[in-house]
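# Structure at a glance
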Amino acid sequence: MEYKDIIFRIAQFRDKRNMSAFELSQIIGHSGSYMYRVESGEIKLSVETLLDILKVLNVSVIEFFLGNGENFDLELLEAINCLSKENRNVVIDLIKKLK
């Protein structure tokens, strides 16, 4: 994922939450124009600010980087991650057979 993709995903989640760039900027403690400047490429986000944004948008890091909209199932991913390596492989094999 490139930086421009990260910015695009932020805008997607922000829009999905019906939140303006101005509003998000203020909630994370920046001037009202901060997110406009980020989204235009004028300034770069720090990891800390990205995490603050995800917290405000109620989006996990996993969902942000691995999710692809409506087809993403965070509950399934979390359940699979709790399995032993052996059981994880069994589930993966089963899923491949169901394709």
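Here the structure is a predicted model, which is why all the values come from computation and not from measurement.

### Comments concerning the side chain of S25
- With respect to the element layout, S25 can be found in helix 2 (residues 21-27).
- The residues contacting S25, other than those within four sequence positions of it, are H30, S31, G32, S33, Y34 and M35.

### Side note on the pattern of salt bridges
- Inspection of every chain in the model, using the stated rule, returns three salt bridges.
- For D15, the salt bridge is made with R14, and the minimal N-O distance between the two is 3.5 Å.
- Among the residues examined, D15 registers a relative accessible area of 47% and is labelled partly exposed.
- Here R14 falls in the buried class, since its relative accessible area comes to 8%.

### Details of the nonpolar core
- Residues I10, M35, L45, I53 and F64 are the most contacted members of the largest nonpolar core, which totals 19 residues.
- Listed by contribution, the elements that provide at least two residues to this core are helix 1 (3-16), helix 2, helix 3 (34-39) and helix 4 (47-57).

### As for helix 1
- Between its first and last C-alpha atoms helix 1 spans 20 Å; for 14 residues at 1.5 Å apiece the expected length is 20 Å, and the two agree.
- Among the residues of helix 1, those classed as buried are I6, I7, R9, I10, A11, F13 and R14.
- Next to the buried residues of helix 1 lie helix 2, helix 3, helix 4 and helix 5 (61-66).
- In the stretch just after helix 1, N18 is the one whose phi turns positive, near 55 degrees.

Basis of the calculations
- Residues numbered from 1 in each chain as written.
- Predicted model: local features only at pLDDT ≥ 70, side-chain atom pairs only at ≥ 80, totals over all residues.
- Heavy atoms only, no water.
- Helix = DSSP H or I, 4+ residues; strand = E, 2+ residues; numbered from the N terminus.
- Contact = heavy atoms within 4.5 Å.
- Salt bridge = Lys/Arg side-chain N within 4 Å of Asp/Glu carboxyl O.
- Buried < 20%, exposed > 50% of the residue type's maximum accessible area, 1.4 Å probe, protein only.
- Core = buried A, V, L, I, M, F, W, Y, C linked by side-chain atoms within 4.5 Å.
- Expected span 1.5 Å × (residues − 1).

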